[in-house]
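Results of the structural survey
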Amino acid sequence: RKLVIAGLSFYMVCFWMIPVGIVASLSNLNNLAKVFPFLETYLDEHPLTKGFVEGFLPSLVLALFMNQLPNFLPVLAKMEGIPSHSCIDASVLSKYFYFQVFNVFLGVTISAGTLAIIKELLERSVSIVLILGTSVPQAASFFVNYVCFQSL
């Protein structure tokens, strides 16, 4: 059972990355304007709303989405056959850590500049380390806002 749940957890991490990537790619106003062209003029006219949409809204959506995980992860731990509540909690925390690292850190970092990254990869072969090195500074404000929002 443990191996099946480990595989299921791996697939959950992979599939959870899809909505996280969508949220992260929409955190960039240029990408948001491509999806919703009418927002560009509205946000240019309303700087307060622009600051909210650019700074706070993506962090809020991602935090709400990631806060759904603790509802699913104990079920996986119980299916795994873990007998005690403390071991279930340890299993949930371990799985939640992997979700945070792979989905929030790597998913947001890669998805924040997805269009630029894909274009750069197609034009010339660049290593993933170089891509992450250039994407992290672009996503820094998102991470600061996300951590501040999570600390509330």
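The structure contained in this document is the topic of the report that follows.

So, the environment of Phe 15
Relative to the assigned elements, Phe 15 resides in helix α1 (residues 2-26). Taking the C-alpha atoms as reference points, Phe 15 and Asn 103, separated by 88 residues in sequence, lie 9.6 Å from one another.

Topic: the nonpolar core
If you look at the biggest cluster of nonpolar residues, it comprises 26 residues, and the most contacted ones within it are Leu 62, Met 66, Leu 69, Leu 73, Phe 99, Val 108 and Tyr 146. Mapped onto this core, the elements with two or more residues apiece are α1, α4 (47-66), α5 (69-79), α6 (85-112) and α9 (140-150). Looking at which element gives the most residues to this core, the answer is α1, with seven residues. In this structure Met 66 touches Trp 16, Val 20, Tyr 96, Phe 99, Gln 100, Val 104 and Tyr 146, once residues within four positions along its chain are discounted.

What to know about the packing of helix α3 (residues 37-45) against α4
α4 packs onto α3 with a crossing angle of 120 degrees between their chain directions and a minimal axis gap of 5 Å. On the basis of the axis angle, α3 is oblique to α4. Residue-level contacts link Tyr 42, Leu 43, Asp 44 and Glu 45 of α3 to Pro 47, Thr 49, Lys 50 and Val 53 of α4. For the contact of α3 with α4, the class distribution of residues is four nonpolar, one polar and three charged.

The rules behind these values
- Residues numbered from 1 in each chain as written.
- Predicted model: local features only at pLDDT ≥ 70, side-chain atom pairs only at ≥ 80, totals over all residues.
- Heavy atoms only, no water.
- Helix = DSSP H or I, 4+ residues; strand = E, 2+ residues; numbered from the N terminus.
- Core = buried A, V, L, I, M, F, W, Y, C linked by side-chain atoms within 4.5 Å.
- Buried < 20%, exposed > 50% of the residue type's maximum accessible area, 1.4 Å probe, protein only.
- Contact = heavy atoms within 4.5 Å.
- Axes fitted to C-alpha atoms, helices over the stretch in contact; angles between N-to-C directions.
- Parallel < 35°, antiparallel > 145°, perpendicular 65-115°, else oblique.
- Nonpolar A, V, L, I, M, F, W, Y, C, P; charged D, E, K, R; others polar.

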